Amino acid sequence: MKRLHDISIVTHCVSDLDAELAAWTDFLDYRLIQQGALPAELCTAWDTPADAGLPCAMLGPASGATTYVRFVQTDERAGYWPPVTWGWNATEILVTDPDALAEQLAQSPFDRFGGPGNLYDHPKAPRAIQTTGPAGELLYFTKITPGGSRYGLHGAKSRVDRVFNVVLGGPSLDTLREFYADKLGLRIGAPMPFSLTLAAQATDSPPDALFPICVAPVRARQSILELDEYPAN
């Protein structure tokens, strides 16, 4: 039975909530949905009861899509480098023009370290830039052209639109595939070798090293999960 149906909210821990809200609203056209204290009921569900009451806010894209980004202000800076780790490590967001966005973010709190570039060699391949946000959160901004997605994904409806992919790293792709298929009911794509520049840097691998990854469609034409296998180092 399928238990995971869409990407609704992606949560990031940040060191300065006000700075994060200003950056996302000023440079990404996101709008404030709600702001306040992290509810105790939610923290109980997360098994993090001590976090109840932390300042938090939720933002949504200008398109009006009901996929949100939540920020929780913690005591420590949450960013890390290289941003490659087992667990959730990247948030991918639809945009209409990554090249233009790269220029618009040049004097912003978003630090671009990759792109603009096509994700693979194809005339209609997705095109993306890679950045970190004010708290070090890893963000990919990607353009999907009509007919250019292997998974039938629709493109952005606003300059910076909704989250459509989150990336999960683990020591074993087989284990990840088994969990998301057997426990959460997703149909997992076949493993494929893929060039991951950051993973190569973080693991002292050759720049052209290929890593096993696979993609799991979550909602048809809307959202996916990317599962990556990283070595022990």
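The rules behind each value
Residues numbered from 1 in each chain as written. Predicted model: local features only at pLDDT ≥ 70, side-chain atom pairs only at ≥ 80, totals over all residues. Heavy atoms only, no water. Helix = DSSP H or I, 4+ residues; strand = E, 2+ residues; numbered from the N terminus. Buried < 20%, exposed > 50% of the residue type's maximum accessible area, 1.4 Å probe, protein only. Contact = heavy atoms within 4.5 Å. Phe/Tyr/Trp six-rings, centres within 6.5 Å; stacked < 30°, edge-to-face > 60°. Lys NZ or Arg CZ within 6 Å of the ring centre and 35° of its normal. 1 Å grid on protein atoms, 1.4 Å probe; cavity = no way out; pocket = protein on both sides within 12 Å on 5 of 7 lines; lining within 4 Å. Points joined across faces, edges and corners; volume = space filled by probe spheres on them.

Q: Give me the lowdown on the environment of F27, citing residues and values where you can.
A: Along the polypeptide, F27 turns up in helix α1 (residues 17-28). On the accessibility criterion, F27 (25% relative accessible area) is partly exposed. Counting along the chain gives 24 residues from F27 to R3, while the straight-line C-alpha distance between them is 35 Å. The contact partners of F27, leaving out residues within four places of it in the chain, are A22, Q104, L105, Q107, S108, P109, F110 and R159.

Q: Residues and numbers for the packing of aromatic side chains, please.
A: We describe a pair of aromatic rings using the distance from one ring centre to the other and the angle between the two ring planes. Per the counting criterion, the structure on display carries four aromatic pairs. When the ring of W24 is compared with that of F71, the centres are 5.3 Å apart and the planes differ by 65°; the resulting orientation is edge-to-face. Within this pair, whereas W24 is found in helix α1, its partner F71 is found in strand β4 (residues 68-73), the two being separated by 47 residues in sequence. Here W24 matches F71 in class, with each residue buried. Considering the side-chain rings of W24 and F110, the 6.2 Å spacing of their centres and the 65° angle between planes classify their relative orientation as edge-to-face. With a gap of 86 residues between them, W24 in helix α1 and F110 in the loop between α3 (98-104) and β6 (111-118) connect regions that are remote in the sequence. The same class applies to W24 and to F110, which are both buried. One aromatic cluster is present, formed by W24, Y30, F71 and F110 through successive ring pairs. The cationic tip of R150 hangs over the ring face of Y120; the distance from NZ or CZ to the ring centre is 3.9 Å.

Q: Give a description of the layout of surface pockets that names residues and reports values.
A: Put simply, the largest pocket is a space of about 830 Å³. In this structure, the largest pocket is lined by 40 residues; those nearest its centre are L119, F194, S195, L196 and E226. If one sorts the elements of the lining of the largest pocket by residue count, β6 sits on top with six residues.

Any functional reading would require information beyond the geometric quantities listed.
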